[in-house]
Amino acid sequence: MEFKILGPVEMSMDGGPPIKIGGPRRKIVLAVLLMGANRVVTIDRLLESSWWRKPPPSAQVNMRGHIAALRKILHQVGEPEDRLSTHSGGYALRVDFGELDLDLFVNALQSGSDAMVKGEAEKAAGHFVQALQVWRGSPLAGVSTGPQLQGELQRLEELRLLAVEHYAQVRLELGQSDALVPELRSLTQQHPFRERIWEMLIIALHRMGRQADALAAYTQVRRILADELGIDPTNDLRRLEEQILRGESEVRVRAVELTQPLVCFPHSS
């Protein structure tokens with residue numbers, strides 16, 4: 001089976017066309033089960049995620065209907081009964097390693113970070129490409145989600161941006177400044193308070209011999225931070241400006257590593 005939540009919620013059989021799941025609420029139920037894969041997801045959690053304002057009196061009956069429908073869909077494509085099991089107080093969806101796109105993303109991101117630590121830039125770049133290719137849009141695209149899911153979705157978007165930053169960093173190390181500058185400029189427009197992206201843009205411009213543009217980029221981010229947040233750039237950015245003003249030829253982006261292994265959920269064996 002293939003399960004996907006990094007984009008529209010989908011499931012399919014071994015690369016085949018998406019299997020019809022049902023309406024938006026059933027897709028939310030499936031997504032919540034997938035984000036809690038191989039663990040018991042409580043009925044309360046499912047209800048709060050599906051009806052975030054006020055569940056109707058029939059919510060529990062409707063939830064049992066959605067679970068029964070998902071179980072029927074899985075059975076129709078040949079999945080065993082224990083794929084979606086009932087437990088005291090909730091349900092558990094068994095997901096094997098590599099079946100969920102989130103799992104593939106996190107595994108590739110972790111492998112890329114590990115390669116960065118070892119100084120294997122080309123290998124790291126390959127892993128980050130794999131990680132980013134898994135994404136097909138915003139997580140759970142096409143369905144409305146309430147506050148119960150927003151924190152988890154924001155965490156996923158943060159991990160995606162971390163992968164983008166890591167990929168840009170290794171490309172800088174590989175000498176791809178020319179190709180990076182337009183992409184980094186676009187990223188600074190999308191994430192104007194993300195100082196690490198500005199840092200990489202300034203370094204890329206400096207390495208291309210465009211010191212005036214690099215200093216102009218520093219001035220721009222300093223103004224944005226002051227006007228919008230009332231703060232000064234970090235020590236790293238200020239130090240970078242000083243290095244450029246002193247005419248230092250070798251400036252490097254600060255390394256930001258994953259401080260601990262990324263774990264989505266325990267895998268079934």
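Because the structure is predicted, anything quoted here is derived from the model rather than measured.

Caption draft 1: Geometry of the overall build of the chain. Looking only at helices and strands, one finds 10 helices and five strands in the chain. On the principal axes, the C-alpha backbone points of the chain span a range of 70 × 40 × 30 Å. Relative to its 269 residues, the chain shows a buried fraction of 44%. The long-range fraction of contacts in the chain, counting pairs at least 24 apart against all pairs at least 6 apart in sequence, stands at 64%. Carbon together with sulfur atoms contributes 49% to the accessible area of the chain, which is approximately 13,500 Å² in total. Once the 32 positive and 34 negative side-chain charges of the chain are each reduced to a mean point, those two points are 6 Å apart.

Caption draft 2: Local environment of the packing of helix H1 (residues 24-35) against helix H2 (residues 43-50). Running from amino to carboxyl end, H1 crosses H2 at an angle of 135°, the nearest separation of the two axes being 9 Å. For the element pair H1 / H2, the angle class is oblique. Two packed elements cross with a definite hand, and for H1 against H2 that hand is right-handed. Contacts between H1 and H2 involve Arg 25, Ile 28, Val 29, Val 32 and Leu 33 from the former and Arg 45, Leu 46, Ser 49 and Ser 50 from the latter.

Caption draft 3: Molecular detail of the side chain of Arg 196. Tracing the chain through its elements places Arg 196 in helix H8 (residues 195-207). Engagement of the side chain of Arg 196 in a polar contact is seen with the side chain of Glu 165, the distance being 3.1 Å.

Caption draft 4: Quick peek at the side chain of Glu 241. Looking at the secondary structure, you find Glu 241 in helix H10 (residues 235-245). Among buried charged residues, Glu 241 stands out as having no salt bridge; its nearest opposite-charge side chain is Arg 222, 4.5 Å away. When residues no more than four places from it in sequence are discounted, the contact partners of Glu 241 are Leu 215, Tyr 218 and Arg 222.

Caption draft 5: Region of the structure containing the packing of helix H7 (residues 177-190) against H8. Here H7 crosses H8 at 150°, and the two axes come no closer than 9 Å. Taken together, the axes of H7 and H8 lie roughly antiparallel to each other. Here the hand of the crossing between H7 and H8 comes out left-handed. Contact residues: H7 offers Ser 177, Val 181, Leu 184, Arg 185, Leu 187 and Thr 188, while H8 offers Ile 197, Trp 198, Met 200, Leu 201, Ala 204, Leu 205 and Arg 207. Residue composition of the contact of H7 with H8, grouped by class: nine nonpolar, two polar and two charged.

Caption draft 6: Structural context of a nonpolar patch on the surface. On the surface, Phe 193, Leu 229 and Ile 231 cluster together into a nonpolar patch covering about 260 Å² of accessible area. Turning to its location among the elements, Leu 229 is positioned in helix H9 (residues 211-229).

Caption draft 7: Representation of the confidence of the model for the chain within the structure. Predicted confidence across the chain gives a mean pLDDT of 91, with 94% of residues reaching 70 or more. When the criterion is pLDDT under 50, residues 263-269 qualifies, and its contacts beyond four places in sequence or with other chains add up to 21 contacts.

Caption draft 8: Broad picture of the sheet that holds strand S5 (residues 90-93). Reading across the sheet, the three strands line up as S3-S5-S4 and stay open at both edges, with antiparallel pairing between neighbours. Looking at which strands have only one partner, the edges of the open sheet turn out to be strand S3 (41-42) and strand S4 (84-87). Two strands pair when backbone bridges link them, and S3 and S5 are joined in this way by two bridges, in the antiparallel orientation. Opposite Val 41, over in S5, you have Tyr 91 as the bridge partner. Running over the sheet, helix H3 (residues 59-76) touches S4 and S5 and is turned about 145° from S4.

Caption draft 9: Spotlight on the pairing of S5. On S5, burial covers both faces: Gly 90 and Ala 92 on one face and Tyr 91 and Leu 93 on the other are all buried. Bridge count between S4 and S5: four bridges; the pairing is antiparallel. Pairing of Ser 85 across the sheet is with Ala 92, part of S5. Between S4 and S5, which pair antiparallel in sequence order, lie two residues; one of them, Gly 89, sits at a positive phi of approximately 90°.

Caption draft 10: Looking closely at the packing of aromatic side chains. Using the criterion set out here, one finds one aromatic pair in the structure. Aromatic side chains Phe 105 and Trp 135 sit 5.5 Å apart centroid to centroid with 90° between the ring planes, which places their arrangement in the edge-to-face category. Taken together, the residues Phe 105 in helix H4 (residues 101-117) and Trp 135 in the loop between helix H5 (121-133) and helix H6 (147-173) connect sequence positions 30 residues apart. For the pair shown, Phe 105 and Trp 135 are each scored as buried.

Caption draft 11: Main features of the pattern of salt bridges. Applying the stated rule across the entire model yields 16 salt bridges. Of the charged contacts, one joins Glu 120 and Lys 123 as a salt bridge, the two residues approaching to 3.9 Å between their closest N and O atoms. When its relative accessible area of 32% is taken as the criterion, Glu 120 is described as partly exposed. For Lys 123, a relative accessible area of 48% puts it in the partly exposed group. Here the residues in one salt-bridge network are Glu 158, Glu 165, Arg 194 and Arg 196, joined through shared partners.

What counts, and at which threshold
- Throughout, residues of each chain are indexed from 1 in the direction in which the sequence is written.
- Only residues with pLDDT of 70 or above have their local features reported here, since the model is predicted, and side-chain atom pairs are shown and tallied only from 80 upward, although totals for entire chains, interfaces and linings are computed over all residues.
- Computation of side-chain values: all heavy atoms of the structure, hydrogens and water removed.
- In this description a helix means any DSSP run of H or I spanning at least four residues, a strand means any run of E spanning at least two, and both kinds are numbered starting from the N terminus.
- The classification of residues rests on relative accessible area computed with a 1.4 Å probe and restricted to protein chains. Under 20% of the type maximum is buried, over 50% is exposed, and intermediate values are partly exposed.
- The contact criterion used is simple: two residues touch if any of their non-hydrogen atoms lie within 4.5 Å.
- Using the Shrake-Rupley algorithm and a 1.4 Å probe, accessible areas are obtained, with residue cover drawn only from the displayed protein chains.
- Under the counting rule used here, the positive set is Lys and Arg, the negative set is Asp and Glu, and His together with the chain ends is not counted.
- Every charge is mapped onto a representative atom, which is NZ of Lys, CZ of Arg, CG of Asp or CD of Glu.
- Note on geometry: axes are C-alpha line fits, over the in-contact stretch for helices, and angles between N-to-C directions span 0 to 180 degrees.
- For classification, angles of less than 35 degrees are called roughly parallel, those exceeding 145 degrees roughly antiparallel, those between 65 and 115 degrees roughly perpendicular, and all remaining angles oblique.
- Here a crossing is called left-handed whenever its near helix is offset anticlockwise from the far helix by less than a right angle, and right-handed whenever the offset is clockwise.
- Distance and chemistry together define a polar contact, namely a pair of N or O atoms within 3.5 Å, with one atom able to donate a hydrogen and the other to accept it when in protein, and with adjacent residues in sequence counting only for side-chain atoms on both sides.
- Any carboxyl oxygen of Asp or Glu within 4 Å of a side-chain nitrogen of Lys or Arg constitutes a salt bridge here.
- Polarity classes work like this: nonpolar for Ala, Val, Leu, Ile, Met, Phe, Trp, Tyr, Cys and Pro, charged for Asp, Glu, Lys and Arg, and polar for all others, with Gly in that last group.
- Without a salt bridge and with relative accessible area above 30%, a residue can belong to a patch; like charges are then joined within 9 Å and nonpolar side chains (Val, Leu, Ile, Met, Phe, Trp, Tyr) within 5 Å.
- pLDDT runs from 0 to 100 and stands for how confident the predictor is about each residue.
- Any two strands with at least two DSSP bridges between them are considered paired.
- Stacked, edge-to-face and tilted are the three classes for Phe, Tyr and Trp ring pairs, Trp counted by its six-membered ring, which pair at centre distances within 6.5 Å; planes under 30 degrees apart are stacked, over 60 edge-to-face, the rest tilted.

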